[in-house]
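# Remarks on the overall topology
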Amino acid sequence: MTQHVETHSFQAETQQLLHLMIHSLYTNKEIFLRELISNASDALDKLRFEYLTHPELKKDGEALEIRLELDKEARTLTIHDNGIGMSKEEVIKNIGTIAHSGTKELITKLKASENQEMSASLIGQFGVGFYSSFMVADKVSLVTRRAGEEGATRWTSTGDGTYELSDAARGTHGTSITLHLKDADPENKLDDYTELWQLKRIVKRYSDFVNFPIRTREEREEPKLDEEGNEIEGQVEHVIEDLTLNSMKPLWTRQESDLKEEELSDFYKHVAHDWRPPLTHLLLKVEGMLEYQALLFLPSEPPHDLYYYGAERGLQLYVRRVLIMDRCEELLPSYLRFVRGVVDSSDLPLNVSRELLQQDRHIPQIRKYLSRKLLDKLKEMKEAEDNADYLKFWKACGRALKEGIAEDFDNRERIADLLLFQSSADPEKLVSLREYIERMKEGQEAIYYLTGESREVVEKSPHLEAFKAKEVEVLYLTDAIDEIMLQHLEEYKEKKLKSVGKGEIDLGTEEEKEKAEKERKEKQKEVAPLLEKIQEKLSDYVKEVRLSSRLTDSPVCLVGNEQDYSAHFERLLNQSQGAKLPKQKRVMELNPQHSIFQQLEKRFQANSEDDSVGEYAEVLLGYALLAEGSALHDPHRFNQLVANMLERSLTA
Ligand code: ADP
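Residues numbered from 1 in each chain as written. Predicted model: local features only at pLDDT ≥ 70, side-chain atom pairs only at ≥ 80, totals over all residues. Heavy atoms only, no water.

## Remarks on the confidence of the model for the protein
Low-pLDDT portions of the prediction should not be read for the details of their coordinates. Heads up, the condition is: A residue's pLDDT is the predictor's confidence in that residue, given on a scale from 0 to 100. To qualify as a helix, a DSSP run of H or I must reach at least 4 residues; to qualify as a strand, a run of E must reach at least 2; elements of each kind are numbered from the N terminus.
Per-residue pLDDT for the protein averages 88, and the proportion of residues at 70 or more is 94%. Highest mean pLDDT in the protein belongs to strand β3 (residues 76-81) (98); lowest belongs to helix α5 (residues 116-125) (58).

Quick look at the structure:
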């Protein structure tokens, strides 16, 4: 009977990837073994998990393991596992195509990557592990049998665009992947993967923490011994020995002092699918009413899906060393979603489901404790003599952390302690709220800020003029999330946070404030009829017109009342579809020192019926809108007015 063999084509993206894999990567090829072992370990985890719901699948005395088999003559290396295995459909789905949406991105990055080290390191991150076998093999074959099924499937490919599928036989469930290794580079000892010492080294280096034994068989010749234990001259014995290559002790069960940086880094790469080393880690062992261990990591760069709505998130959840869930969201609040790692609990039931988890009373306790510890760790990093790591963290994940101000009421103060902002003081340095308070000016009662699209926009805002003149520091808040955060952060250490674009502003010492306020009130009374006329003219958009204490150079600006949304927030909400705010009227502030105002006043006094006063008011409104980065209400009308004025001034 001839075997029926089907030939399939790889998906176009897979072909591209294989091509790159085969032709452009020459360094650090040894990671292929880490990738295959990692897949095998996942398959064993999945099987162990399936046993919980299908105990009938489990055979007595079965030892879950990964086995490496070398054949020097044939130059093959086989990685066996007795894990969950795959059905034929699963082979086609998992091995023939790349499901990950990030693959296109990876291919672009691989093409653009500057050196081969970089390319090789990109592989792990995107989870294209299996294909890395084509870096070292010119032919790969895989035989797999799904647990609970009888038949097995063989998959073979030389990585040239197609793969073959046929039926096969396999004694037990699991997967065997045979690599037909390319010839080794005779110049490079480390290039020969048929050497046992090499496998030992690579497993130790990358996969020591794997939770299942990685075994192999060593065959060697030893001198034959006589009955008294003496060597018999010229006679040797063939010895076969079973070796376990990894220590298997999960990192989180060890003591902090037994954790090596390299191991932590490898483990992090495995759990986080990140190819860069972590920024730092946190090992927690909780004992008492509730027992669990956690090993958590902060990334050194933002995870690529940090701000994708609906991205999978969460920590790995183990129950007594058995992996139960790969991404358990319930273990951390959403604003800490950049944290990766594992939690291993002794108290949860092994067959815990997502639904059960949501009801389990332990989970909120774990989440609370982990959040606290993470925030403490961040604080420690921030307050360290050398806070470079914190600055790196803030740059990578600070925006997500800010969400915590709104999300985590209990920890609001703690999170507020961690915030950093740009400010008017030093464009190079970020400032914390505490530092801001420490350098507040005499008589200054509030923490001043201004929100906007970017530092460049905010910096030029007319609202800052008086602050610049009096050298009062203003925080520049330029993330979209800042607006939401501010609604939940009204004060810090009893100092109110106050927008320089809202309410009335009084700066200086008590005496100065009083004097300025008195003068302004008097002047305001004097020009009240003019202000009224302007307000009437602009009443669709402006609810009050008053004299400003915040302008020094500009003729006009728009502000809000304390409880109003900022102009920036209004722009943001209007951009995000669906959310239309009821139109807010603004307060117009005019600069009494400015000659535009003084001339306008003169004109009004000469003839309070003069129509041009209203037109000037309209242009001033447009000026103020443009200055703060908002759109004109009626650009056509504005242009017309400006053109008329230009004409008049040119003909005058
Ligand atoms: P990743 O492991 O990141 O998903 P891979 O290309 O390495 O990417 O593997 C693709 C898929 O193939 C895996 O997600 C898994 O479903 C399946 N797979 C790979 N190796 C094995 C194995 N040894 N046993 C069972 N399934 C496997």
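The structure having been displayed, the exposition proceeds.
## Structural notes on the side chain of S566
Formally: The rule is simple: take the accessible area with a 1.4 Å probe, protein chains only, and divide by the maximum for that residue type; under 20% is buried, over 50% is exposed, in between is partly exposed. Here a polar contact is taken to be a pair of N or O atoms separated by no more than 3.5 Å, where protein atoms must pair a possible hydrogen donor with a possible acceptor and residues adjacent in sequence count only if both atoms sit in side chains.
Relative to the helices and strands, S566 is located in the loop between β21 (556-559) and α18 (567-575). Looking at S566, the relative accessible area reads 11%, which means it is buried. Of note is the side chain of S566, whose polar atom sits 3.5 Å from the side chain of T451. One polar contact links S566 to E483, side chain to side chain, over a distance of 2.6 Å.

## Quick look at the sheet that holds strand β10 (residues 280-286)
This is how it is decided: Strands were regarded as paired on the criterion that DSSP finds at least two bridges between them. Note on definitions: angles span 0 to 180 degrees between N-to-C directions of axes, and those axes are lines fitted to C-alpha atoms, for helices only across the stretch in contact. By definition, residues are in contact when any of their heavy atoms lie within 4.5 Å.
Spatially, the 5 strands line up as an open sheet ordered β10-β11-β14-β12-β13, and their pairing is mixed. Of all the strands in the sheet, the pair left with one neighbour each is β10 and β13 (322-328). The average undirected angle you get between the axes of adjacent strands in this sheet is 15°. Bridging between strand β12 (residues 315-319) and β13 involves 4 bridges; their strand directions are antiparallel. Looking across to β13, one finds that V319 is bridged to V322. Against the sheet, helix α2 (residues 31-53) engages β12 and β13, with an angle of about 105° to β13.

## Thoughts on the pairing of strand β11 (residues 292-298)
Counting buried positions along β11 yields 6 of 7 residues, so the element is predominantly enclosed. Alignment of β10 against β11, held across 7 bridges, turns out to be antiparallel. Across the sheet, T280 pairs through a bridge with L298, a residue of β11. With antiparallel pairing between neighbouring strands as the criterion, β10 and β11 make up a hairpin whose turn holds 5 residues, including G288 at a positive phi of roughly 120°. Bridge count between β11 and strand β14 (residues 340-345): 6 bridges; the pairing is antiparallel. By the bridge assignment, L296 is partnered in β14 with G341.

## Here we look at the packing of α2 against helix α6 (residues 196-207)
Applicable threshold: Rotating anticlockwise by less than a right angle from the far helix to the near helix defines a left-handed crossing, while the corresponding clockwise rotation defines a right-handed one.
In the contact formed by α2 and α6, the axes pass within 9 Å of each other and the chain directions differ by 65°. As for how α2 packs across α6, the hand of that crossing is right-handed. Residue-level contacts link I31, L33, R34 and I37 of α2 to L199, I202, V203, Y206 and S207 of α6.

## Focus: the pairing of strand β8 (residues 214-225)
Relative to β8, strand β2 (residues 66-71) runs parallel, the two sharing 3 bridges. Bridge pairing links R67 to R215 in β8. With 10 bridges connecting them, β8 and strand β9 (residues 231-244) associate as antiparallel partners. Its bridge partner lying in β9, R217 is registered against D242. If you look at the hairpin formed by β8 and β9, you'll find 5 residues sitting between the two strands, and G229 has a positive phi there, around 90°.

## Considering the packing of aromatic side chains
Our working definition: The criterion for an aromatic pair is that two Phe, Tyr or Trp rings (for Trp, the six-membered ring) have centres within 6.5 Å, with stacked assigned to planes under 30 degrees apart, edge-to-face to planes over 60 apart and tilted to the rest. Whether a charge lies above a ring is judged from NZ of Lys or CZ of Arg, which has to be within 6 Å of the ring centre and within 35 degrees of the ring normal.
This structure, assessed with the given rule, holds 15 aromatic pairs. Between the aromatic rings of W252 and F267, the centroid separation amounts to 5.8 Å while the plane-to-plane angle is 45°, which identifies the pairing as tilted. Here the residue W252 occupies a position in the loop between β9 and α7 (261-272), and F267 occupies one in helix α7, the gap between them amounting to 15 residues. You'll find W252 and F267 in the same group, each marked buried. For the ring pair F338 and F393, a centre distance of 5.4 Å and an interplane angle of 65° mean the geometry is edge-to-face. Placement of F338 in the loop between β13 and β14 and of F393 in helix α10 (residues 388-407) is noted, with a sequence separation of 55 residues between them. F393 matches F338 in its accessibility class, with the two residues each being buried. Each member of the aromatic cluster is reached from another via a ring pair, and the members are F10, F130, Y131, W155 and Y163. The ring of W275 has R276 lying over it, and the distance from NZ or CZ to the ring centre is 4.3 Å. A cation sits over an aromatic face here: R399 above Y307, 4.0 Å from the ring centre.

## Topic: the nonpolar core
Going by this rule: Buried Ala, Val, Leu, Ile, Met, Phe, Trp, Tyr and Cys residues form a nonpolar core when they are joined through side-chain atoms within 4.5 Å. Domain delimitation follows an automatic or database domain assignment.
Counting 74 residues, the largest nonpolar core has F338, L370, F393, L401 and Y448 as the members making the most contacts within it. Ranked by residue count, the leading element in this core is α10, at 8 residues. No fewer than three residues from each of domain 2 (251-382) and domain 3 (388-499) sit in this core. Contacts of L401, omitting those with residues within four sequence positions, involve Y335, L336, F338, L375, L378, Y390, F393, W394, I415 and L418.

## Side note on the domain arrangement of the protein
As a reminder, the rule being used: Put simply, buried area is how much 1.4 Å-probe accessible surface two parts lose in total, over both of them, once they are put together. Here, a salt bridge means any side-chain nitrogen of Lys or Arg that lies within 4 Å of a carboxyl oxygen of Asp or Glu.
Each assigned domain of the protein is listed with its residue range as follows: domain 1 (5-221 + 236-244), domain 2 (251-382), domain 3 (388-499) and domain 4 (522-651). The interface is formed by 13 residues belonging to domain 3 together with 19 residues belonging to domain 4. Sorting the residues of domain 3 by area buried against domain 4 places P462, H463 and E465 first, and these three jointly supply 39% of that buried surface. Between the two partners, domain 3 and domain 4, sit 0 salt bridges.

## Section: the pattern of salt bridges
Here the structure, examined in full by the defined rule, presents 49 salt bridges. Between K513 and E510 there is a salt bridge whose closest N-O contact spans 3.5 Å. Here K513 pairs with E510, and both are found in helix α16 (residues 510-526), just 3 residues apart, close to one helical turn. A salt bridge links K543 to D564; its shortest N-O distance comes to 2.9 Å.

## Notes on the environment of V136
As for its position among the elements, V136 is in the loop between α5 and β4 (137-145). Overall, V136 belongs to the buried group, its relative accessible area being 4%. In sequence terms V136 and D183 are 47 residues apart; their C-alpha atoms lie 8.7 Å from each other. Once residues lying within four places of it in the same chain are set aside, the contact partners of V136 are K29, F32, L179, H180, L181, K182 and Y193.

## Quick notes on the state of the cysteines
Working definition of a disulfide: a covalent bond connecting the sulfur atoms of two cysteines. To be explicit about the condition: When two cysteine sulfur atoms lie within 2.5 Å, the pair is treated as a disulfide.
Within this structure, the stated rule accounts for 0 disulfides. We note that C397 lacks a disulfide partner, and the nearest cysteine sulfur, in C328, lies 20 Å from it. By relative accessible area, C397 is classed as buried at 0%.

## Considering a negative patch on the surface
To keep things clear, this is the line we draw: Patch criteria: residues need more than 30% relative accessible area and no salt bridge. Like-charged residues are merged within 9 Å; nonpolar side chains of Val, Leu, Ile, Met, Phe, Trp and Tyr are merged within 5 Å. Here the Shrake-Rupley method, with its probe set to 1.4 Å, supplies the accessible areas, and only the displayed protein chains count as covering residues. Positive charge is attributed to Lys and Arg, negative charge to Asp and Glu, and no charge count is given to His or to the chain ends. Every charge is mapped to an atom, namely NZ of Lys, CZ of Arg, CG of Asp or CD of Glu.
Taken together, the side chains of D42, E312, D326 and E329 present a region of like negative charge at the surface. Mapped onto the fold, E312 is located in the loop between β11 and β12.

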